[in-house]
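Close look at the chain arrangement
Here's the letter readout for the chains.
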Amino acid sequence: MSAPIILPSILAADFSQLGEELRSVANADRIHVDIMDGHFVPNLSFGADVTATVNTITDQHLDVHLMIENPGKWVEDFAKAGADTIVFHVEAVADQEAALALAAKIRDLGVKAGFSVKPGTPIEPWLDKLAHFDEVLVMTVEPGFGGQKFMPEMLEKVRKLRKAIDNAGLDTLIEIDGGVDENTIGEGARAGCDAFVAGSAVFKQSDRAAMVEKLREQATV
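Everything numeric in this text was worked out from a predicted model, so none of it was measured.

So, on to the nonpolar core. Counting residues in hydrophobic clusters, the biggest one holds 63 residues, and the most contacted among them are I86, F115 and F196. The contact partners of F115, leaving out residues within four places of it in the chain, are V87, F88, V90, I123, W126, L130, F133, E135, V136 and L137.

Below you can see the structure in the form of structure tokens.
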């Protein structure tokens with residue numbers, strides 16, 4: 001496995017000082033941007049306009065996580081806003097065929113395509129479709145709010161993904177999001193995870209750069 005990818009989630013940042021907040025995690029590998037519509041999940045965050053603002057502040061890879069209904073309607077807006085990866089939820093599309101079509105649409109926009117699964121969604125139906133995606137995001141909490149407790153039982157999905165990806169010789173990234181901190185990130189790494197989203201674990205610290213480094217060390221197996 002390659003070096004762990006650490007993605008601070010700006011959902012936990014202070015938006016009144018967004019530029020300073022982003023500069024405080026300049027040593028992170030990517031920035032995770034949570035988009036919530038108040039319908040697919042019971043929280044509301046921000047949209048393509050804030051994503052575009054983030055893109056003007058940082059050159060880091062923007063990993064945009066769409067926790068929204070009808071994601072296909074919005075992917076062009078987020079691609080134009082500067083998303084480097086767009087991840088949508090399989091629960092928000094009609095069926096697997098629609099998911100594969102949406103992934104192709106995202107890739108046609110010149111953006112990497114990913115899908116995410118909620119804790120209650122099985123991963124098995126997707127294990128033979130991974131070549132269509134650049135990233136799989138396994139939620140280790142119920143999506144919608146930051147600061148929730150990590151669900152270690154979700155790592156079984158990571159193990160199944162790791163085996164399927166390795167057996168197929170793919171480079172699809174496995175990412176986890178939810179409750180990731182210095183105490184849980186090692187479990188995810190040992191299960192085979194490549195990338196780790198951390199929100200409050202990073203932004204609650206006075207020295208965010210040091211926490212990013214600590215997480216990276218803890219995820220090196």
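Bringing the side chain of S9 into the picture now. Topologically, S9 is positioned in the loop between β1 (5-8) and α1 (18-23). Beyond its immediate stretch of four places on either side in the chain, S9 contacts H32, D34, V197, A198, G199 and F203.

Strand order across the open sheet formed by eight strands is β1-β8-β7-β6-β5-β4-β3-β2, with parallel pairing between neighbours. Each end of this open sheet is capped by a strand with a single partner; those strands are β1 and β2 (30-36). Going across the sheet, the axis of each strand differs from the next one's by a mean of 25 degrees, ignoring polarity. Strand direction decides the pairing type here: strand β6 (residues 135-139) and strand β7 (residues 173-177), joined by five bridges, are parallel.

Turning our attention to the UniProt feature "active site" (unreviewed entry) in the chain. The UniProt entry lists D34 and D177 under the feature "active site" (unreviewed entry), expressed in the numbering used here. For the annotated residues, spread through 144 residues, the largest C-alpha to C-alpha distance comes to 10.5 Å, consistent with a single compact locus. For D34, the residues in contact, after removing those within four places along its chain, are S9, L11, S45, F46, H65, M67 and D177. A polar atom in the side chain of D34 sits 3.1 Å from the side chain of H32. Within the element layout of this structure, D177 appears in strand β7. Residue D177 is classed as buried on the basis of its relative accessible area of 10%.

Within strand β5 (residues 112-117), five of the six residues are buried, leaving the element largely enclosed by the surrounding structure. Of the pairings in the sheet, the one linking strand β4 (residues 85-89) to β5 comprises five bridges and is parallel in character. Bridge pairing in β5 links T85 to K112. Crossover handedness for the path β4 to helix α4 (residues 96-108) to β5: right-handed. Note: β5 against β6, four bridges, orientation parallel. Across the sheet, S116 pairs through a bridge with L137, a residue of β6.

Turning our attention to α4. Here α4 contains 13 residues, and its C-alpha end-to-end distance of 18 Å stays within 8% of the 18 Å for a straight helix at 1.5 Å per residue. Listing the buried residues of α4 in full gives A99, L100, L102, A103 and I106. Considered in projection along α4, the buried side chains sweep an arc of 160 degrees and stay on one side of the axis. Set apart from the buried face of α4 by more than 90 degrees, the exposed residues are E97 and D108. Those residues of α4 hidden inside the fold are in contact with α3 (75-81), β4 and β5. Here α4 starts with a cap whose side-chain oxygen sits 3.3 Å from the backbone nitrogen of E97, and that cap is D95.

This paragraph deals with the UniProt feature "binding site: a divalent metal cation" (unreviewed entry) in the chain. The sites that UniProt annotates as "binding site: a divalent metal cation" (unreviewed entry) are H32, D34, H65 and D177. For the annotated residues, spread through 146 residues, the largest C-alpha to C-alpha distance comes to 10.5 Å, consistent with a single compact locus. Note on placement: H65 falls in strand β3 (residues 61-67). Look at H65 and you get buried, because its relative accessible area is 0%. Once you skip the residues sitting within four places of it in the chain, H65 turns out to touch H32, V33, D34, I35, V87, H89, S116, L137, M139 and D177. Not counting chain neighbours up to four residues away, the residues in contact with D177 comprise H32, D34, H65, L137, V138, M139, T140, V141 and V197. A polar contact of 3.3 Å, which involves the side chain of D177, links it to the side chain of H32.

Quick notes on the rules
Residues numbered from 1 in each chain as written. Predicted model: local features only at pLDDT ≥ 70, side-chain atom pairs only at ≥ 80, totals over all residues. Heavy atoms only, no water. Core = buried A, V, L, I, M, F, W, Y, C linked by side-chain atoms within 4.5 Å. Buried < 20%, exposed > 50% of the residue type's maximum accessible area, 1.4 Å probe, protein only. Contact = heavy atoms within 4.5 Å. Helix = DSSP H or I, 4+ residues; strand = E, 2+ residues; numbered from the N terminus. Pairing = 2+ DSSP bridges. Axes fitted to C-alpha atoms, helices over the stretch in contact; angles between N-to-C directions. UniProt positions renumbered as here; feature names shortened; annotations may be inferred. Polar contact = N/O pair within 3.5 Å; in protein donor to acceptor, adjacent residues only side chain to side chain. Right-handed = clockwise from strand over helix to strand, strands pointing away. Expected span 1.5 Å × (residues − 1). Arc of directions from axis to C-beta.

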